[in-house]
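Structure at a glance
Letter by letter, the chains look like this.
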Amino acid sequence: MRRAGPALLLIAALTVAGLAPAALARGHRHRRNHVTSGVRGIVLAGPVCPVERIPPDPNCADRPIVAHLTLSHGGGGGGGQASSGADGMFEIRAAPGRYTLSATTREAMRCDSQTVVVSAGAFTDVQVSCDTGIR
């Protein structure tokens with residue numbers, strides 16, 4: 001009986017060692033498919049004051065807003081969606097390619113759409129401008 005104990009430990013160790021590479025390989029595939037590129041930035045609304053002054057009044061600077069953002073390919077597919085926070089910041093993970101970024105919000109009349117190019121392994125920084133309609 002005493003010999004069976006060490007033999008079972010050896011078999012268990014070899015079994016675990018044999019399973020470990022398969023588990024690591026699965027984890028590696030998962031990391032390889034992880035998207036490490038996309039678009040991130042801020043959504044700003046302005047003007048916020050009815051009259052522009054020279055020099056500019058810091059209280060009248062464009063302000064960050066909450067918005068819903070859509071990143072789409074020319075055919076409308078792919079890309080992704082996100083919402084900016086109260087600080088205006090957002091991030092959308094996407095594969096490399098050429099996209100159109102658009103935004104909608106209740107805090108402005110309209111937001112400018114823009115073409116965005118995403119490169120492999122990098123995030124493209126953008127600023128989305130929304131018009132409040134104040135003149």
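The rules behind each value
Residues numbered from 1 in each chain as written. Predicted model: local features only at pLDDT ≥ 70, side-chain atom pairs only at ≥ 80, totals over all residues. Heavy atoms only, no water. Pairing = 2+ DSSP bridges. Helix = DSSP H or I, 4+ residues; strand = E, 2+ residues; numbered from the N terminus. Axes fitted to C-alpha atoms, helices over the stretch in contact; angles between N-to-C directions. Polar contact = N/O pair within 3.5 Å; in protein donor to acceptor, adjacent residues only side chain to side chain. Contact = heavy atoms within 4.5 Å. Core = buried A, V, L, I, M, F, W, Y, C linked by side-chain atoms within 4.5 Å. Buried < 20%, exposed > 50% of the residue type's maximum accessible area, 1.4 Å probe, protein only. Salt bridge = Lys/Arg side-chain N within 4 Å of Asp/Glu carboxyl O. Disulfide = S-S within 2.5 Å. pLDDT = per-residue confidence, 0-100.

1. Here's the deal with the sheet that holds strand S6 (residues 97-104)
- If you trace the four strands from one edge of the open sheet to the other, you get S4-S3-S6-S8, paired in antiparallel fashion. At either margin of the open sheet sits one strand with a lone partner, and together these are strand S4 (80-83) and strand S8 (114-118). Taking each pair of neighbouring strands and ignoring which way they run, the sheet shows an average axis angle of 25°.
- As defined by bridge partners, strand S3 (residues 68-72) adjoins S6 across five bridges and the pair is classed as antiparallel. Across the sheet, Ser72 pairs through a bridge with Thr100, a residue of S6.

2. A word on the side chain of Thr105
- The topology assignment puts Thr105 in the loop between S6 and strand S7 (110-111).
- Looking at Thr105, its side chain comes within polar contact range of the main-chain oxygen of Val66, at 2.7 Å.
- Here the side chain of Thr105 touches Glu107 through a polar contact of 3.1 Å, landing on its backbone nitrogen.
- Excluding its chain neighbours within four sequence positions, the residues that come into contact with Thr105 are Ile65, Val66, Ala67, Cys111 and Cys130.

3. Brief notes about the nonpolar core
- Counting 21 residues, the largest nonpolar core has Val39, Val43, Leu69, Phe90, Leu101, Val128 and Cys130 as its most contacted members.
- Residue assignment for this core shows that the elements contributing at least two residues are strand S1 (38-46), S3, strand S5 (89-93), S6, S8 and strand S9 (123-131).

4. Digging into the pattern of salt bridges
- In total, this model carries five salt bridges according to the counting rule given.
- Of the charged contacts in the structure, one is a salt bridge between Asp125 and Arg40, with a shortest N-O distance of 3.5 Å. Remark: Arg40 occurs in strand S1 and Asp125 occurs in strand S9; sequence separation between them is 85 residues.
- Owing to a relative accessible area of 34%, Arg40 belongs among the partly exposed residues under this scheme.
- In the salt-bridge network here, residues are joined through shared partners; they are Arg40, Glu91, Arg93 and Asp125.

5. Some remarks on the state of the cysteines
- Under the definition given, this model contains two disulfides.
- Here Cys49 is linked by a disulfide to Cys60, with a sulfur-sulfur distance of 1.9 Å. Residues Cys49 and Cys60 share a disulfide whose torsion about the S-S bond is about -90°; that sign makes it left-handed. Of the two residues, Cys49 sits in the loop between S1 and strand S2 (63-64) while Cys60 sits in the loop between S1 and S2, which places them eleven residues apart along the sequence.

6. Focus on the confidence of the model for the protein chain
- Averaged over all residues, the pLDDT of the protein chain equals 80, while 73% of them reach at least 70.
- Contacts of residues 7-32 to residues separated by more than four positions or lying in other chains number zero contacts, the stretch itself having pLDDT below 50.

7. Describing the environment of Ala67
- Within the element layout of this structure, Ala67 appears in the loop between S2 and S3.
- Since its relative accessible area comes to 4%, Ala67 is described here as buried.
- Sequence-wise, Ala67 and Gly85 are 18 residues apart; in three dimensions their C-alpha atoms are separated by 7.8 Å.
- Discounting chain neighbours no more than four positions away, the residues touching Ala67 are Val43, Ala82, Ser83, Ser84, Ala103, Thr104 and Thr105.

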